[in-house]
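# Commentary on secondary and tertiary structure
Here's the letter readout for the chains.
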Amino acid sequence: MDKWEYSESIESDSIVSIQSKYGHFIDGKFSTPNSKKYLKTVSPSTEEVLASISIGNKNDVDSAVNSAKEGLKIWSKTAPSERAKYLYKLARLIQERSREFAVLESMDGGKPIKESRDFDLPQVAANFFYFAGWADKLDISWGTKEMKPYGVVGQIIPWNFPLLMLAWKVAPALATGNTVVLKPAETTPLTALLFAELCEEIGLPKGVFNLVTGDGTTGSELVNHEGISKIAFTGSTSVGKYIQNAVGERDIGLTLELGGKAANIVYNDAALDQAVEGVVNGIFFNQGHVCCAGSRLLLQEDIHDEFINKLEKRMQTLRVGNPLDKNTDIGAINSKEQLEKITSLVNEGVNDGGELFQIECDLPSSGYWFRPSLFTNVQPSYNIAREEIFGPVLTTLTFRTPEEAVEIANNTEYGLSAGVWTEKGSKILWTADRLDAGVIWANTFNKFDPSSPFGGYKESGFGREGGRHGLLSYLKVQS
Ligand code: NAP
Ligand code: MG
């Protein structure tokens, strides 16, 4: 088949203005870090240094928590309908400046502009709108139980959906009357810093939103700060376990959104072409840096060869390259460390005996890249079938009966999401009923809505974000 060639269509980066150095955002303004230490955030598609970012130390975190405590005095006296107005303002400003945010997100994190523009930013705005709507309806939502905010909330987020994870955390926390100290990931802090500028612009009362940038040590200082009443964390299961131990002795709230190794189950009666699209979206969206990615493809044995054939053909059409090119499907891997992790797991899969298919394509000469990859001939015991690769790598397993599909799907330490592909509604319900996963998609994948709760079972964590359930993560029963 002749391949259609695409002309480049590069989104201009002139819309963003990046400072050479950033401080923390504390007490309603940017300030120089007490630590006087900085790290560099780079563009993973060019390896160009974009900016120097402050590394928060104990004193920086202390200032931010104190600021949030002061902010709480004002925020708790702000009428819920007024709190809602601030959130609506943020939502509208994010919409107005969405192109700028999208370009910045793609530069700092490597994701394709068509995803940051058409997925991340609309979802970010939708979350602020949604939770703004809840702010003045909390009293009527839980019957006789009186709920109150935790107070000062510490929030730590990962690098795969930087601004969206901020929105998932900040919007419900502020709507329910808490104040926030947020720590973004060290490789992707720039959109959170731009968000802080918006908070200043709309005149959000000082101390309501605080941002301390840095690395894992900064996160750890936040977790261990006595002034924090709740920690909300999204990231790896290993850091999640560390946090759970660290706060174990203290009477504070905790929600953990951790990793996943989702099964995407395709029955032999599924619409196969549609399922191929869903499987591609399930694993290659955002370079596979997705906690709920459909990273284990479970195929009914009699359609294995036909499906793999269709899938490989479809994969070969994926365009890998410059995240700012509007034609790009697969952008850069977020960091050198992540690329090394993916490479090492894939090498292990090959050594174990897995059969590897990778698409043929040119890769840019600088930056961090990984070809979309598919493993067949895999045993459930291989690490590639068990560990979260968090990259564009799909692992195939086969099953004969629905019972066996469910058994293999649940044979994992994780329990975040799953997908089911079949033309039979009854089979969807039968399967979904038996899967240990927080989110289950049927004949689709990776669909999100702010009103729909999201979260895991088992080592994927606990607590829910989104919807009415998500509000409960930021409220406790009045004692
Ligand atoms: P990570 O290494 O756990 O980091 C997450 C955040 O925690 C980052 O801000 C990180 O800072 C910080 N951190 C690191 N060590 C810490 C410590 N000892 N104490 C406190 N904070 C610490 O995870 P990641 O590699 O950024 O993200 C990938 C993981 O997130 C994957 O496992 C993925 O499945 C999971 N994830 C889950 C969800 C969900 O909703 N369930 C959503 C997205 C991602 P640095 O960046 O500076 O290291
Ligand atoms: Mg970066």
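What you see is a predicted model, and the numbers here were worked out from it, not measured in a lab. (Residues numbered from 1 in each chain as written. Chains lettered and ligands numbered in written order. Predicted model: local features only at pLDDT ≥ 70, side-chain atom pairs only at ≥ 80, totals over all residues.)

## Observations concerning the overall build of the protein
The helix and strand tally for the protein stands at 15 helices and 20 strands. At 22 Å, the protein has a C-alpha radius of gyration in line with the 23 Å of a compact globule built from 479 residues. Each of the 479 residues in the protein was classed as buried or not, and the buried ones make up 53%. Of all intrachain contacts in the protein linking residues separated by at least 6 positions in sequence, the fraction that spans at least 24 positions is 72%. (Helix = DSSP H or I, 4+ residues; strand = E, 2+ residues; numbered from the N terminus. Rg over C-alpha atoms; globule rule 2.2 N^0.38 Å. Buried ≥ 20, exposed ≤ 12 C-beta atoms within 10 Å, placed from the backbone. Contact = placed C-beta atoms within 7 Å.)

## Describing the pairing of strand E18 (residues 439–442)
Working note: regular strand, side chains alternate between the two faces of the sheet. Burial along E18 is one-sided: the face carrying Val 439 and Trp 441 is buried and the face carrying Ile 440 and Ala 442 is not. Once the chain exits strand E17 (residues 417–421) it traverses helix H14 (residues 425–434) before rejoining the sheet at E18, and the crossover so formed is right-handed. (Right-handed = clockwise from strand over helix to strand, strands pointing away.)

## Concerning the site of ligand 1
Taken together, 28 residues lie near ligand 1, and Pro 158, Gly 216, Gly 219, Gly 235 and Cys 291 sit nearest. Those elements giving two or more residues to the shell around ligand 1 turn out to be helix H7 (216–223) and helix H8 (237–247). If one sorts the elements of the shell around ligand 1 by residue count, H7 sits on top with four residues. Class assignment of the residues belonging to the shell around ligand 1 gives a composition of twelve nonpolar, eleven polar and five charged. (Near = placed C-beta within 6 Å. Nonpolar A, V, L, I, M, F, W, Y, C, P; charged D, E, K, R; others polar.)

## Here's the deal with the sheet that holds strand E1 (residues 21–22)
The sheet built from three strands is open, its strands ordered E1-E5-E4 with mixed pairing. The open sheet has two edge strands with one neighbour each: E1 and strand E4 (38–42). The pairing of E1 with strand E5 (residues 49–54) spans two bridges and is classified as parallel. When the sheet's bridge partners are listed, Lys 21 is paired in E5 with Ser 52. (Pairing = 2+ DSSP bridges.)

## Focus on the domain arrangement of the protein
If you check the domain split of the protein, you get domain 1 (21–258 + 460–477) and domain 2 (263–449). Here the C-alpha centre of domain 2 lies 30 Å away from the C-alpha centre of domain 1. Facing the 18 residues of domain 1 at the interface are 24 residues of domain 2. (Domains from an automatic or database assignment.)

## Points about the confidence of the model for the protein
Put simply, the protein has an average pLDDT of 96, and 98% of its residues get 70 or more. Ranking the elements of the protein by mean pLDDT puts strand E20 (residues 475–477) last with 89 and strand E9 (residues 209–211) first with 99. (pLDDT = per-residue confidence, 0-100.)

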